[in-house]
There are 2 protein chains.
Amino acid sequence: MADTAVRPDKHTAPETEADARVDVAGLTPILLGTWGDIRLEAREMITDEAFWQIPGQSYHEHRERVLAQLKLLADRGAGARAFPKEYGGLETQGGNLAGFEELVLADPSLQIKSGVQWGLFASAIYQLGTKAHWDKWLRDAITLDLPGAFAMTETGHGSDVQSIATTATYDVETQEFVIHTPFRGAYKDYLGNAALHGRAATVFAQLITGGVNYGVHCFFVPIRDENGADLPGITSEDDGPKGGLNGIDNGRLAFDHVRVPRENLLNRYGDVAADGTYSSPIASPGRRFFTMLGALVQGRVSLDGAATWGAALSLKIAVTYANQRRQFDDGTGSETVLLDYGKHRRRLIPRIATAYAQTFSHDELLRKFDLVFSGENDTDESRQDLETLAAALKPLSTWNALDTIQEAREACGGQGFLAENRLVGLHQDLDVYATFEGDNNVLLQLVGKRLLGDFAKQFKGKDTRALAAYAARQGASKFFHGAGLRRLGQTVADLGSTARSVELGLRAEDQHQLLTDRVQQMVSDVGARLNAARKLPPAEAQEVFNDNQVELLEAARAHGELLQWEAFTDALSRIDDPGTRTVLTWVRDLFGLSLVERHLSWHLLNGRLSTQRAAAVTRYIDRLCNRLRPHAQDLVDAFGFAPEHVRAPIASGAERERQDDARAYLAGLRERGEAPTPEKKIRRS
Amino acid sequence: MADTAVRPDKHTAPETEADARVDVAGLTPILLGTWGDIRLEAREMITDEAFWQIPGQSYHEHRERVLAQLKLLADRGAGARAFPKEYGGLETQGGNLAGFEELVLADPSLQIKSGVQWGLFASAIYQLGTKAHWDKWLRDAITLDLPGAFAMTETGHGSDVQSIATTATYDVETQEFVIHTPFRGAYKDYLGNAALHGRAATVFAQLITGGVNYGVHCFFVPIRDENGADLPGITSEDDGPKGGLNGIDNGRLAFDHVRVPRENLLNRYGDVAADGTYSSPIASPGRRFFTMLGALVQGRVSLDGAATWGAALSLKIAVTYANQRRQFDDGTGSETVLLDYGKHRRRLIPRIATAYAQTFSHDELLRKFDLVFSGENDTDESRQDLETLAAALKPLSTWNALDTIQEAREACGGQGFLAENRLVGLHQDLDVYATFEGDNNVLLQLVGKRLLGDFAKQFKGKDTRALAAYAARQGASKFFHGAGLRRLGQTVADLGSTARSVELGLRAEDQHQLLTDRVQQMVSDVGARLNAARKLPPAEAQEVFNDNQVELLEAARAHGELLQWEAFTDALSRIDDPGTRTVLTWVRDLFGLSLVERHLSWHLLNGRLSTQRAAAVTRYIDRLCNRLRPHAQDLVDAFGFAPEHVRAPIASGAERERQDDARAYLAGLRERGEAPTPEKKIRRS
């Protein structure tokens, strides 16, 4: 084939593992994933410094800058990708999110402000509204002629959207909805575009008609006039400076009996006729609510991607610096490069492995999202799976971003604290990713409940005796694992094993088994305990739940980790270059074993690992870190960031120059005989 | 006694443990510690809003504000406390630091800028200089008529001060030192007061005279004229915006053959005569260097205190909010208070325990500091102990502050991200505490090396056979612990134990034993391995060191944790009120067991805990969290912060008001029969 003929053959299998090298240029497209072309396009666009964050700007200046950037984006059509062609769109769902995620490299405020305008405000119109709404508002929302706020969260209700207190009461006389904020805690809060730039809002409120509350629905409500003044009945407040994302004008909105036409109800999932009769294609109020919320899952999906790139960027900066910076004499008269220190390897290299795992699991999430939202596989079940997957992955990646960026910042010392080197800004901006678009713990609880539901299905139709027998069996099996034969057998096997077979005892299948067993065991443990409490009065049942909440969240996290591991392992099979595959297999092992090490006491207490094998985990991780050390730069280079995306002076080669200058100067002194004699030497003589 | 007669008797022993209550007002002075009076005085001063940080200021405005605050402090004599009465001082060492630490509540920038001016710049003049220097500069440094920078760190050398590259070469002709920056990496960097406000600097440089380098010494160097312009030969640069502490004008200084009189050498530990002859009261260059650096240990000491108060403040905010904020229906129709959730208890209450432990260990550190610097117990050994203690505690408390503040911020959700609620600002400002005044990992390594030194002393004079025998014994003992009899015995005992005796099996003595054994075992493990590598060539020995570095740092951390635990336990004996002592004993147990839980896999792998007992650790922690839940507010109130110190609107009672309003509104609707019917109910009927 012509293709093979012109390509240089990089794909020769390495002679030995020690020869394995990463094909950096070949790996980048694999990391960029399914919508790599759109990612590259976005990255190309933001090489323009007009899109870059300027450290040290006041929040007033920063907000204006990001608004101007948003207009640039709109001019380039970036806001249209997800929407129908009729409204100027490209109808690409996964690609749309992929493109937005990359904006985190320019300025996370821009990423999130785009998300507010197009991922939330315009999407609410599109996903929750119908054609009349689209015709009326969608084009202007896409072009930013109509900047909008997404008014869901209230001061008194964040992740518990179902309990929001804003009301939309239908007035059959005037055929209007009356939007009202009944008390201070019901102010809409933390809304991007609410403090300054929004002209309208998609407002979530309890729909009341004929004295009945039909639950949360979404309404289109104009909030400001052409001059930016609040419309009658609207109060807006500024949330003021925040911990980060200060390019966004977050604020509060309150409504004092604000009237909107009946047609402003975004009525895809529920409608009110002129006479006040309510109707909905979804009979169950609960399912209707979750369907509406599920239509907006893209926020969570895109945070998973953006957080992953944020972590990757911080690793690119810290690893590059750690490969150039020297500190402390190594005993040979030369100073040691930071990444040659055992501690430095251990603090950075396993985090590269996590970033890799997340890159792969995010692409899977994005593909699932695309299948559902393109309509290709849009069933109740696939929507639920998508929501569970997003709820499992977003907490892990956003927390991991904070952890990784902080470690990267500390690994760069004082340089890491300068705003110009970006790590502190990334941490500040991504901080809130852990609690918005669903608080991480609340999301993990959703996942946990789903896992419990799957667990309970095993017993459907069985009587209580079967349940009791199951619980007893669980106890027995736990005791068996915890103190008995299985461990003993493993111990015996380990005693006779060579170093190599200990490694084999931690190979992919074993990692998979350990990660899978942990999820299953934790879910069944919690499930059995909660099941036993089913018949208690609510307050007592709640207390039993509380006593198990930590473990349930931990089970959900374990589930997310397993999904990441599986995505990484699946991705290995898609890598053709043998050297790259060898190195990435080590990276995957490092990821898997780091997970096992993090929960090592669980595996020991539950008899899943003998002490010998458990001790081998840490040793093997150390060995993998050493083995990967020469590949660390390749691995972060493969993220494919251009200098315009990195921008941190310490990762620009300036540190290498400084080190080279210093070494040349000292060498020059020695050559010219001008180096002063160390005091120690004259004392000896 | 009159005293007993007028005091209300709060000190009756509680009838049962369930009756135990914290005497909040009585506990506060115990937490404030030895210099509580000075702390209270400082806290009283900063109730004045002139000292408060204003969120959202530009870094330019913030720098000017903090400079003005520093002048206010100087006017009130705060800069003088540590210095001799002759120069307007109070000669209180511990009290001086205690007073400065409290400034973190007003604005961490103010705390650190004070530290730069008086704790570093003026202290260098005082601790490293002699009377002529004091007479010349000390008064003006104290009054802030002479603002100064402390020019130690270089771009190319942070924690490795011994290798800095700035030179001070004695010119016998002119009797001057020539201060010079030989290359870019030798720029002095990250210096407070260097970008704008400093008029002089205490500059650390390699002292060269007669062609010999006598190592790092400190020189007084004027840097700016009265109008703030750089003096000839001086280049200053601005470090620009940072991740936090933006009230401080950090910057860089470079010297192009800048000449200062011979007398500007701060000559307490080393001097150069007019003819160029070097002399020092300390013959060993190494010991001389560490003595000079040790004279400036107060920076580390005060960071330990400030970080502890920062963490405490964040807990005060988050616990207060968690006791007022409600979220999600609890199944009884009412919404649950956050702190009633199992996860919320687990994320906040153990962190209160850590803050308590640190409060006590910090007071011990401060007392040791006072004994040394007051001259009461100033020996080589006591100085070394002080430095080791500071190096062990500062990393733990500064990292803990970041962890606790971040958890507090997330526990407050979106509110936690607003700058007005202070958590994000505290995290940003305290971030750099982990890497300045000695990078945390570098400090832990110092501690680790000291521990290894103590370990090696056991073998002093013994031959290599003794060492080999020891190493073999260690191996045997590890195997014994890891797989054998000791664990078996414990298992048997545990099987027969009741829940209560399992608790007893984790009582104070057991906690102490576990924590102590861990330090000893880790140090001897690492020590034996490093000892075996003694005779290897430098590069190979360095590799062995690197392979053990992570464990050495972990051993140092374990040592610091043990010290904190011991300080907490000692403090319990000083508490008279029985209710307070009961509750604080639970808090201490929670602290101790949280440490054991964090390292649970180590205890299991090293045979220090049976699986049964290890499993009991987590259960007991859960029980302690539940038991302490009703005391959580008392425990954070006992930190003694006034509203002017807290200042976060969410911890002001505003949230309780909002919740009460909401509940009153909904109750009113129900009473008046105006509450809409939930859709579910009409469907059922």
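The rules behind these values
- Residues numbered from 1 in each chain as written.
- Chains lettered and ligands numbered in written order.
- Predicted model: local features only at pLDDT ≥ 70, side-chain atom pairs only at ≥ 80, totals over all residues.
- Helix = DSSP H or I, 4+ residues; strand = E, 2+ residues; numbered from the N terminus.
- Rg over C-alpha atoms; globule rule 2.2 N^0.38 Å.
- Buried ≥ 20, exposed ≤ 12 C-beta atoms within 10 Å, placed from the backbone.
- Contact = placed C-beta atoms within 7 Å.
- Nonpolar A, V, L, I, M, F, W, Y, C, P; charged D, E, K, R; others polar.
- Pairing = 2+ DSSP bridges.
- Core = buried A, V, L, I, M, F, W, Y, C linked by C-beta atoms within 7 Å.
- Axes fitted to C-alpha atoms, helices over the stretch in contact; angles between N-to-C directions.
- Parallel < 35°, antiparallel > 145°, perpendicular 65-115°, else oblique.
- Domains from an automatic or database assignment.
- Least-squares fit on C-alpha atoms with pLDDT ≥ 70 in both.
- Expected span 1.5 Å × (residues − 1).
- pLDDT = per-residue confidence, 0-100.

Structural notes on the overall build of chain A
Right, on to step 1. Looking only at helices and strands, one finds 26 helices and 14 strands in chain A.
Right, on to step 2. Taken over C-alpha atoms, the radius of gyration comes to 28 Å for chain A, in line with the 26 Å a tight globule of 685 residues would show.
Right, on to step 3. With the C-alpha coordinates of chain A rotated into their principal frame, the extents come out at 105 × 70 × 65 Å.
Right, on to step 4. Considering chain A as a whole, with its 685 residues, one finds that 55% of them fall into the buried category.
Right, on to step 5. Contacts in chain A between residues far apart in sequence, at least 24 positions, make up 75% of those at least 6 positions apart.

Things to note about the environment of Ala555(B)
Residue and element names in this part refer to chain B.
Right, on to step 1. Relative to the helices and strands, Ala 555 resides in helix H19 (residues 538–572).
Right, on to step 2. For Ala 555, a count of 27 C-beta atoms within 10 Å puts it in the buried group.
Right, on to step 3. Between the C-alpha atoms of Ala 555 and Leu 452, which are 103 residues apart in sequence, the distance is 9.9 Å.
Right, on to step 4. In contact with Ala 555, not counting residues within four places along its chain, are Gly 448, Leu 451, Val 519, Met 522, Val 523 and Val 526.

Observations concerning the interface of chain A and chain B
Right, on to step 1. Contacts between the two partners involve 85 residues from chain A and, on the opposite side, 85 residues from chain B.
Right, on to step 2. In terms of residue count, helix H19 (residues 538–572) of chain A provides more of the side of chain A that touches chain B than any other element does, nine residues in total.
Right, on to step 3. The class makeup of the residues in the side of chain A that touches chain B is 36 nonpolar, 30 polar and 19 charged.
Right, on to step 4. With two bridges connecting them, strand E6 (residues 212–222) of chain A and strand E14 (residues 677–678) of chain B associate as parallel partners.

A closer look at the nonpolar core
Right, on to step 1. By size, the foremost hydrophobic cluster in this structure holds 392 residues, and its most contacted members are Phe219(A), Leu253(A), Ile352(A), Phe219(B), Leu253(B) and Ile352(B).
Right, on to step 2. Contact partners of Leu253(B), with chain neighbours within four places excluded, come to Ala149(B), Ala151(B), Tyr187(B), Lys188(B), Leu191(B), Ala194(B), Ala201(B), Ile223(B), Ile234(B) and Ser236(B).

Remarks on the pairing of strand E3 (residues 176–180) of chain B
Residue and element names in this part refer to chain B.
Right, on to step 1. Pairing of strand E2 (residues 167–171) with E3, which is carried by five bridges, proceeds in the antiparallel orientation. Looking across to E3, one finds that Tyr 170 is bridged to Phe 177.
Right, on to step 2. Taken together, E2 and the strand that follows it, E3, pair antiparallel across an intervening segment of four residues, in which Gln 175 is found at a positive phi of about 55°.
Right, on to step 3. Relative to strand E9 (residues 258–261), E3 runs antiparallel, the two sharing four bridges. Of the residues in E9, the one forming a bridge with Val 178 is Arg 259.

Focus: the packing of helix H10 (residues 342–373) of chain A against H19(A)
Residues and elements named next belong to chain A.
Right, on to step 1. Between H10 and H19, the least distance of the axes is 8 Å, while the angle of their chain directions is 90°. Judged on the interaxial angle alone, H19 and H10 are roughly perpendicular. Between H10 and H19, the residues in contact are Tyr 356, Ala 357, Gln 358, Phe 360, Ser 361 and Glu 364 and Leu 563, Gln 564, Trp 565, Ala 567, Phe 568 and Ala 571, respectively.
Right, on to step 2. By residue class, the composition of the contact of H10 with H19 is eight nonpolar, three polar and one charged.

What to know about the sheet that holds strand E4 (residues 188–191) of chain A
All names here are of chain A.
Right, on to step 1. Taken together, the three strands give an open sheet; going across it, the order is E4-E8-E7, and neighbouring strands pair in antiparallel fashion. Each edge of the sheet is formed by a strand with only one pairing partner; in this case those strands are E4 and strand E7 (234–238). Recorded for the sheet is a direction-independent mean angle of 20° between the axes of neighbouring strands.
Right, on to step 2. In this structure, E4 lies alongside strand E8 (residues 251–255), joined through two bridges in antiparallel fashion. In the strand pairing of E8, Leu 191 is matched with Gly 251.

Some words on the domain arrangement of chain A
All names here are of chain A.
Right, on to step 1. Each assigned domain of chain A is listed with its residue range as follows: domain 1 (31–143), domain 2 (150–284) and domain 3 (299–637).
Right, on to step 2. Residue-level contacts link 21 residues of domain 1 with 21 residues of domain 3.
Right, on to step 3. At the level of elements, helix H5 (93–102) and helix H6 (108–128) are the ones that each hand at least two residues to the side of domain 1 that touches domain 3.
Right, on to step 4. Counting residues per element, the side of domain 1 that touches domain 3 draws most heavily on H5, which supplies seven residues.
Right, on to step 5. Classifying every residue of the side of domain 1 that touches domain 3 by side-chain character gives nine nonpolar, 10 polar and two charged.

Focus on the relation of the copies chain A and chain B
Right, on to step 1. Take chain A, turn it by 180°, move it 0.0 Å along the axis, and it overlays chain B with an RMSD of 0.0 Å. Here the copies are linked by what is in effect a two-fold axis. In terms of proximity to the rotation axis, the leading residue of chain A is Ser601(A), whose C-alpha is 2.2 Å off the axis.
Right, on to step 2. When the interface residues of chain A are mapped onto chain B, 100% of them are again interface residues, pointing to one common binding face.

Some points on the environment of Leu595(B)
All names here are of chain B.
Right, on to step 1. By the element assignment, Leu 595 lies in helix H20 (residues 578–598).
Right, on to step 2. Exposure remark for Leu 595: the 24 C-beta atoms within 10 Å place this residue in the buried category.
Right, on to step 3. As a C-alpha pair, Leu 595 and Phe 641 span 46 residues in sequence and 27 Å in three-dimensional space.
Right, on to step 4. Beyond its immediate sequence surroundings of up to four residues, Leu 595 is in contact with Leu 515, Glu 561 and Trp 565.

Let's talk about unusual backbone geometry
Right, on to step 1. Even without being a glycine, Leu144(A) presents a positive backbone phi close to 75°.
Right, on to step 2. Along the chain, Leu144(A) turns up in the loop between helix H7 (131–143) and strand E1 (148–151).
Right, on to step 3. Of the residues examined, Leu144(A) has 21 C-beta atoms within 10 Å and is grouped as buried.
Right, on to step 4. You will see that Glu91(B), though not glycine, has its phi angle at about 55°, which is positive.
Right, on to step 5. Summarising the element assignment, Glu91(B) is placed in the loop between helix H4 (59–75) and helix H5 (93–102).
Right, on to step 6. Using a count of 17 C-beta atoms within 10 Å as the deciding quantity, one classes Glu91(B) as partly exposed.

What to know about H20(B)
Right, on to step 1. Between its first and last C-alpha, H20(B) extends 30 Å over 21 residues, near the 30 Å set by a 1.5 Å rise per residue.
Right, on to step 2. Counting buried positions over the 21 residues of H20(B) gives 15, a clear majority of the element.

A closer look at the sheet that holds strand E7 (residues 234–238) of chain B
Residue and element names in this part refer to chain B.
Right, on to step 1. On the basis of which strands lie adjacent, the open sheet formed by three strands has the order E4-E8-E7 and antiparallel pairing. Only two strands of the sheet have a single neighbouring strand rather than two, namely strand E4 (188–191) and E7. For this sheet the average axis-to-axis angle between neighbouring strands, irrespective of direction, equals 20°.

Topic: the environment of Ala675(B)
Right, on to step 1. Assignment of secondary structure puts Ala675(B) in the loop between helix H25 (654–671) and E14.
Right, on to step 2. If near-sequence neighbours (up to four positions away) are discounted, Ala675(B) is found in contact with Leu669(B) and Arg670(B).

A short note on the confidence of the model for chain A
Residue and element names in this part refer to chain A.
Right, on to step 1. Within chain A, residue pLDDT values average 90, and 90% of them lie at 70 or more.
Right, on to step 2. Below pLDDT 50 for its whole length, residues 1–11 participates in six contacts with residues either more than four positions away or in separate chains.
Right, on to step 3. Confidence over residues 474–502 falls short of pLDDT 50; this stretch has 31 contacts with residues more than four positions distant or in other chains.
Right, on to step 4. Under the prediction, the complex receives an ipTM of 0.93, its pTM being 0.93.

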